[in-house]
Amino acid sequence: MSASQRMEKIVNELIKEYPDTKPSLDFNNPFELLVATILSAQTTDKAVNLVLPALFAKYPDAISMSEATADEIKPYIKTLGLYNNKAKSLERMAKSLTENFNGEVPSTMKELISLAGVGRKTANVVMGNAFGIPDSGITVDTHVTRLAIRWGFVNTKNAIKIERELMKIVPKDHWVKFTTLVIDHGRAICKRKPLCDRCVLKELCPSSDNIIAISN
Ligand code: SF4
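Residues numbered from 1 in each chain as written. Predicted model: local features only at pLDDT ≥ 70, side-chain atom pairs only at ≥ 80, totals over all residues. Heavy atoms only, no water.

The helix and strand tally for the chain stands at 11 helices and 0 strands. The order of helices and strands in the chain, counted from the N terminus, is α-α-α-α-α-α-α-α-α-α-α. Taken over the C-alpha trace, the chain has a radius of gyration of 18 Å; the compact-globule value for 216 residues is 17 Å, and the two agree within 12%. Looking at the chain residue by residue over its 216 residues, the buried ones come to 48%. When contacts within the chain are restricted to residue pairs at least 6 apart in sequence, long-range pairs at least 24 apart make up 62% of them. Put simply, the chain shows about 11,100 Å² of open surface, and 50% of that area lies on carbon and sulfur atoms. (Helix = DSSP H or I, 4+ residues; strand = E, 2+ residues; numbered from the N terminus. Rg over C-alpha atoms; globule rule 2.2 N^0.38 Å. Buried < 20%, exposed > 50% of the residue type's maximum accessible area, 1.4 Å probe, protein only. Contact = heavy atoms within 4.5 Å. Areas by Shrake-Rupley, 256 points an atom, 1.4 Å probe, with all protein chains shown as cover.)

Structure follows, in structure tokens:
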């Protein structure tokens with residue numbers, strides 16, 4: 001079986017297992033998803049979701065956030081790791097959105113990564129989940145990294161290299177959904193200590209025997 005065929009089977013199994021998969025960050029529009037994704041770096045989505053209602057009540061859009069200083073934003077996100085840097089990123093991101101894009105979140109990779117605090121990973125999340133752009137790329141987080149290694153498709157933790165390899169073998173119409181499916185499986189079954197006995201991918205996974213917990 002080729003890597004593409006095996007991956008297609010894996011994706012189909014995951015779709016059956018997690019039919020309602022979706023991003024776990026709460027958002028109602030592209031701006032909210034952009035902010036939530038910036039805040040989610042090295043923090044759980046659950047912790048981010050807890051701060052979002054008060055943050056968006058105070059700063060519902062790019063214009064209102066662009067008028068705030070990082071020091072004014074900090075109290076709303078101070079329960080999150082790296083909140084000092086994140087507050088600065090939000091201030092700068094909102095200012096550049098207002099100055100360069102009339103306060104509207106752009107939908108292309110080039111424009112998104114021109115914003116402060118926005119890298120390729122964040123841009124992929126926003127393009128795929130806020131704009132439904134199917135070929136925006138594949139978001140690589142800690143779960144995607146761990147499972148792609150366990151599945152034997154990559155042998156690196158470099159997110160750009162992993163994304164490049166996955167884009168060759170994941171069916172394009174599943175690129176957006178792929179990340180949330182893998183996150184669901186990484187949280188439920190293929191954890192640091194994987195529950196291989198309960199895994200629907202056992203027959204498709206070279207790590208189902210002799211698993212070594214990967215520190216990621
Ligand atoms: S068989 Fe084990 S290592 Fe492979 S995907 Fe399932 S839980 Fe993860």
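Look at helix α1 (residues 3-17): 21 Å from first C-alpha to last across 15 residues, which is about the 21 Å you get at 1.5 Å a residue. Within α1, the full set of buried residues consists of Arg6, Met7, Ile10, Val11 and Leu14. Across the axial projection of α1, the buried residues extend over an arc of 135 degrees, all falling on one side. (Expected span 1.5 Å × (residues − 1). Arc of directions from axis to C-beta.)

Here the focus is the site of the ligand. The full set close to the ligand counts 11 residues, and Trp151, Cys190, Cys196, Cys199 and Cys205 are the nearest of them. Of the residues contributing to the shell around the ligand, the split by class is 8 nonpolar, 1 polar and 2 charged. (Near = heavy atom within 4 Å. Nonpolar A, V, L, I, M, F, W, Y, C, P; charged D, E, K, R; others polar.)

Position of Gly117 among the secondary structure elements: in the loop between α7 (109-112) and α8 (120-129). Using a relative accessible area of 42% as the deciding quantity, one classes Gly117 as partly exposed. Taking C-alpha positions, Gly117 is 17 Å from Lys78, a pair spaced 39 residues apart along the chain. With near-sequence residues (within four places) excluded, Gly117 lies in contact with Ile38 and Ser89.

On to the packing of aromatic side chains. Under the counting rule described, the total for this entry stands at 3 aromatic pairs. Relative to Phe153, the ring of Trp151 has its centre 6.4 Å away and its plane inclined at 75 degrees; by these criteria the two rings are edge-to-face. (Phe/Tyr/Trp six-rings, centres within 6.5 Å; stacked < 30°, edge-to-face > 60°.)

Before going further, it helps to examine the nonpolar core. If you look at the biggest cluster of nonpolar residues, it comprises 36 residues, and the most contacted ones within it are Leu39, Leu55 and Met93. Of all the secondary structure elements, the ones that give two or more residues to this core are α2 (30-39), α3 (45-58), α4 (62-66), α5 (70-77), α6 (83-101), α7 and α8. Looking at this core element by element, the count peaks at 7 residues for α2. Core analysis: the second largest hydrophobic core is formed by 27 residues, Tyr18, Val140, Ile169 and Phe178 among them. (Core = buried A, V, L, I, M, F, W, Y, C linked by side-chain atoms within 4.5 Å.)

Our next topic: α8. With 7 of 10 residues buried, α8 lies mostly within the body of the structure. Every buried residue belonging to α8 is among Thr122, Ala123, Asn124, Val125, Val126, Met127 and Gly128, and all of these are buried. In this structure, the buried side of α8 is in contact with α2, α7, α10 (159-169) and α11 (175-188).

What the domain assignment reports for the chain is domain 1 (3-21 + 138-204) and domain 2 (30-129). Once you take the C-alpha centre of each, domain 1 and domain 2 turn out to be 27 Å apart. Taken together, the contact pairs 7 residues of domain 1 with 7 residues of domain 2. Carbon and sulfur atoms make up 49% of the surface buried where domain 1 meets domain 2, a total of about 550 Å² over both sides. Between the two partners, domain 1 and domain 2, sit 2 salt bridges. In this assembly, domain 1 and domain 2 are joined by 3 residue pairs in polar contact (both at pLDDT 80 or more). (Domains from an automatic or database assignment. Buried area = accessible area lost by both parts, 1.4 Å probe. Salt bridge = Lys/Arg side-chain N within 4 Å of Asp/Glu carboxyl O. Polar contact = N/O pair within 3.5 Å; in protein donor to acceptor, adjacent residues only side chain to side chain.)

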